[in-house]
Amino acid sequence: MAGQQSELLCADPLRQSVQVVKGVGPQLARKLEARGLTTVEDLLFNLPVGYVDHRGGRRINELRAGEYVSFVANIFSAKEVQYRRRRLLEVVLSDGSGLVTAKWFHYGAWLVKRFNRVRGKVRVSGTLRLFGGRLEMHHPEVEEVEAGQQEIGGIVPRYSAIPGVSRRTYRRLMAEVVNCYVPRVPETLPAAVRRYFDLLDLQTALRQVHFPSRGPEKYPSSTVSPELRRLIFEELFFLELQILRGRQRLCGEAGQAMTLDKDFLRRVGKLLPFKLTAAQRRVMREIAADLSSGRAMNRLVQGDVGCGKTIVALLTALIVIANGFQAAVMAPTEILAQQHFFNMASYARALGIPFTLLTSRIAAAEKKSRTEAIARGEASLVVGTHALIQERVTFNRLGLVIIDEQHRFGVLQRLALRRKGVNPHLLVMTATPIPRTLAMTLYGDLEVSTIDELPPGRPQVQTVVLEARERKRVYELLRQEFLLGRQAYVIYPLVEESENSELQDVVSMTSHLQDQVFPDIKVGMLHGRLSSEEKQAIMTDFARKKIQLLVATTVIEVGIDVPDATVMVIEHPERFGLSQLHQLRGRVGRGKHPSHCILVHQGGGRESRARLAIMEQTNDGFRIAEEDLRLRGPGELAGVQQSGFANLKMANLLRDVGILRGARRAAMALIARDPEIEKPEHAAIRSKLQRQNEQAAALLGTC
Ligand code: ADP
Ligand code: MG
């Protein structure tokens, strides 16, 4: 009790434990905490998922199946019945206009007794379903209606279910929280911002969102209610503040100023078998400016598959190495690391630069000697996988960190590699285009360069969606291509046959294709369960054309480059995101021959067929990413998981792009006026940011 007293005096009422709320004891608190609801603030910002109109009330014959409804009725009968060896409780409800059968599949004996005790009317709330022509509800909420009190309730919020806590208990708890704590919620947004963006004050918004005074209005899918808009703005405003402050910190960091040796660059230029595209040259200029600025570079290079990011990475590394530093290149997979290594090795050799490869699969003794060479600074160019960020690996003079396909790595891994040098420059590369509306925010701590041009002479990849019964046509096309000396990929979603799946798999299809369909060519198999040596051997055989057809899972998704591969067949494309399909498609059309991508659609229905049609229409990775975002939400976009966007509770980035822009502008204006957020009028903002940081720190601590 004394503890509670002192907590009540705590300076910030929102940070108090849920236990300070009247009616919440340790037991209930535990259940709430299991759902991440630890503080009063958590409760206030756990918004309803919908509302039920308890006013007036509709008659049963006015209700529609599929809706969450609430009505008042008499209990006609309540009894336990046996159904297919299962006992269930069946309660028939009637209001004179119709019948609804409520069913409980899990219940205690007390519930049966309770129904048999009820004399008057009850209010029943739940999702109405239609089964065999009868209206049913499963596990609805039932409250007794006291005489003359039918109108009680008004518009009632509906929250997502919390195990062990009835909706009614939670609603009562929320009524208490809103009444007692909303008046103590400090305003976070400056008055000028609220006026400019026409936002409700925080207290009104919270009160309205939990217990609206007016009926649930229907908003068009592109907008939200004023109270929700205010709360979403707030959420995005604070996310933007975090991002902008992160960027501020990084931009301030000193870095090694590199000089550009013209002679050296000319020598390098002579080695290149092609001329850089205009986009590659522009990006190189941006990088060169960063490297020579005296501040640490933090740059992301994004560009569609095949646009030529590797050469940009290599040139950046060479500049840094020419300045006497080491450069590290980290790739997400063994295969990619080796591919980069072989590509870069030929340049390094020609320029007399010592280089090495470090992956976890290298034998211990060899690894030890390579690690020592890296530590002594004898290897200038170091290519590797995650093995590079292991603690034992140290560098002598690490001046540049390059991370390929950055979405495969989290922010923490990025930091881990950077810490191995003293503020080394950082270049990250991704082939997963992020829609322009999000890129700036998503990569808030990075400057973004875009290679928006493919090298000349690249053949377009023709994409078609075929149905499974047209597979013969696919095999014909493959046969023709093999006759021309070309190669192909076939992608399946599974490695091995699975009992509970209808999906085709790599292992059984490899033998089928080899034995039944293409007995006279060599079929190879690649998937994640093979050892790294096996994978490398297969890829090498494919690159050397000892294998014509490679049957694989998505392990070949990133970066693999085989110029004579001209056909990409993807089975069960409905299982993949559009961006992922686009990545896979990027494996062909890398040489000079016309190429094809065939999506063999099966069992996905009309909607998924329509989605795949986008692949037929465009080769533009940005457009495809935007479609993915629209259709599947931001969680599906690679790279989003590691950003703050995955944790958004209220905002929906598809719907709320307009609010996002406003929030970003407001955050920028605030930082411009008060960079350290220390002015007294921003105290509430400061304390909320601190609270968020503490939570983030706690999260990082647990993983
Ligand atoms: P990605 O951006 O997907 O990593 P890569 O760097 O693997 O693309 O480049 C794809 C292919 O294009 C490689 O074979 C590379 O040698 C070639 N390439 C890169 N830049 C050019 C260019 N300017 N002109 C012609 N070919 C290029
Ligand atoms: Mg690449």
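Each chain has its residues counted from 1, running along the sequence as written. All chains are assigned letters beginning with A, and all ligands numbers beginning with 1, in the order in which they are written. Local features are withheld for residues below a pLDDT of 70 in this predicted model, meaning they are given only at 70 or higher, and side-chain atom pairs are given and counted only at 80 or more; totals for whole chains, interfaces and linings count all residues. In computing side-chain properties, one takes all heavy atoms of the structure into account and sets aside hydrogens as well as water.

Undergrad: Which parts of the structure should I look at to understand the packing of aromatic side chains?
TA: The description of an aromatic ring pair uses the distance of the two centres, along with the angle that the planes make with each other. When two rings of Phe, Tyr or Trp (its six-membered ring) have centres within 6.5 Å they constitute a pair, described as stacked for plane angles under 30 degrees, edge-to-face for angles over 60, and tilted for the intermediate range. One pass over the full model with this rule turns up 11 aromatic pairs. Judged by centre distance (4.9 Å) and plane angle (70°), the rings of Y159 and Y170 are edge-to-face. Of this pair, Y159 sits in the loop between β8 (155-158) and α5 (167-181) while Y170 sits in helix α5, and the two are 11 residues apart along the sequence. Y170 carries the same exposure label as Y159, and that label is buried. Each ring, one from F482 and one from F518, has its centre 5.4 Å from the other, and the planes form 90°; the classification is edge-to-face. Within this pair, whereas F482 is found in helix α16 (residues 471-483), its partner F518 is found in the loop between α17 (506-517) and β18 (523-526), the two being separated by 36 residues in sequence. With respect to burial, F482 and F518 carry one shared label: buried. Pairwise contacts between aromatic rings join Y196, F197, F233, F237 and F238 into one cluster. Criterion for a charge above a ring: Arg CZ or Lys NZ at most 6 Å from the ring centre, at most 35 degrees from the ring normal. The ring of F115 carries R114 above its face, with NZ or CZ at 5.7 Å from the centroid. Think of it this way: any DSSP run of H or I at least four residues long counts as a helix, any run of E at least two long counts as a strand, and we number them from the N terminus. Accessibility here uses a 1.4 Å probe with only protein chains present; expressed as a share of the type maximum, an area under 20% marks a residue as buried, one over 50% as exposed, and anything in between as partly exposed.

Undergrad: What exactly am I supposed to notice about the site of ligand 1 here?
TA: Neighbouring residues of ligand 1: 16 residues in total, closest K275, G306, K309, T310 and R458. At a separation of 2.6 Å, an oxygen atom of ligand 1 approaches a polar backbone atom of G306. Identification of polar contacts relies on pairs of N or O atoms within 3.5 Å, with a donor-acceptor requirement for protein atoms, meaning one able to donate a hydrogen and the other able to accept it, and with residues adjacent in sequence counted only if both atoms are side-chain atoms. In this structure, G308 approaches ligand 1 through a main-chain N or O atom, which is 3.1 Å from an oxygen atom. Protein burial of ligand 1: of its 570 Å² of free accessible surface, 82% is covered by the chains. Definitions used throughout: a 1 Å grid over protein atoms alone; a cavity as a set of points that fits a 1.4 Å probe which cannot get out; a pocket as an open set with protein on both sides within 12 Å along at least five of seven lines; a lining residue as one with an atom within 4 Å of a point. Pocket or cavity membership: a molecule qualifies when more than half of its atoms sit within 2 Å of the grid points of that site. When atom positions are compared with the pocket grids, ligand 1 is found to occupy the second largest pocket. Considering only residue class, the shell around ligand 1 consists of five nonpolar, five polar and six charged. Only heavy atoms are used to decide nearness, and a residue is near a molecule or strand if one of them lies within 4 Å of it. All accessible areas in this document rest on Shrake-Rupley with a 1.4 Å probe, and a residue is counted as covered only by the protein chains that are shown. Think of it as three bins: nonpolar holds Ala, Val, Leu, Ile, Met, Phe, Trp, Tyr, Cys and Pro, charged holds Asp, Glu, Lys and Arg, and polar takes everything else, Gly as well.

Undergrad: How do you make sense of the layout of surface pockets when you look at a structure like this?
TA: Where empty space is left in the structure can be found by rolling a water-sized probe over the atoms. Grid points are joined across faces, edges and corners, and a volume is the space filled by probe spheres set on the points. A volume near 1,100 Å³ is recorded for the second largest pocket. T310, Q339, N343, D561 and R590 are the residues nearest the centre of the second largest pocket, which is lined by 42 residues in total. Contributions of two or more residues to the lining of the second largest pocket are made by α11 (309-322), α12 (334-351) and α18 (532-543). Among the elements that take part in the lining of the second largest pocket, α12 stands out by supplying 10 residues, more than any other. Split by residue class, the lining of the second largest pocket holds 20 nonpolar, 13 polar and nine charged.

Undergrad: Hey, could you run me through the environment of R370 in this one?
TA: Tracing the sequence through the fold places R370 in helix α13 (residues 364-375). Judged by relative accessible area, which is 21%, R370 ranks as partly exposed. For the pair R370 and L357, spaced 13 residues apart in the sequence, the C-alpha separation amounts to 7.9 Å. At 2.7 Å, the side chain of R370 forms a polar contact with the side chain of E366.

Undergrad: Just checking my understanding: could you explain the nonpolar core for this structure?
TA: In globular proteins that are soluble, nonpolar side chains generally tend to be buried together. Residues L32, L44, Y170, F233, F237 and L241 are the most contacted members of the largest nonpolar core, which totals 58 residues. Elements represented by at least two residues in this core include exactly α2 (26-34), α3 (40-44), α5, α6 (191-197), α7 (202-210), α8 (226-251), α22 (657-673) and α23 (683-702). A total of 10 residues in this core trace back to one element, the largest contributor, which is α8. Each residue touching Y170, except ones within four places of it in the same chain, is listed here: L32, L37, L43, N46, Y159, I162 and V165. Judged by nonpolar contacts, the second largest core, of 44 residues, contains F264, A279, M284 and C307. Working definition of a nonpolar core: buried Ala, Val, Leu, Ile, Met, Phe, Trp, Tyr and Cys residues. They are joined through side-chain atoms within 4.5 Å. Contact between two residues is taken to exist if any of their heavy atoms lie within 4.5 Å; hydrogens are not considered.

Undergrad: Would you take a moment to explain the sheet that holds strand β20 (residues 565-571) for this structure?
TA: The pairing of strands in a sheet happens through backbone hydrogen bonds and is either parallel or antiparallel. When DSSP finds two or more bridges between a pair of strands, those strands are recorded as paired. Spatially, six strands are ordered β16-β21-β20-β17-β19-β18 in an open sheet, and the strand pairing comes out parallel. For this open sheet the edge positions go to β16 (461-467) and β18, each flanked by a neighbour on one side alone. On average, adjacent strands in this sheet sit at an angle of 20° to one another, irrespective of strand direction. Relative to strand β19 (residues 549-552), β18 is paired through four bridges, and the arrangement is parallel. Its bridge partner lying in β19, L526 is registered against A552. Angles here are taken between N-to-C directions and fall from 0 to 180 degrees, while the axes themselves are lines fitted to C-alpha atoms, restricted in helices to the stretch in contact. Sheet strands in contact with α16 are β16, β17 (487-491), β19, β20 and β21 (595-601), and its direction is about 160° off that of β20. Lying on the sheet, helix α19 (residues 578-585) is in contact with β16, β17, β20 and β21; it crosses β20 at an angle near 150°.

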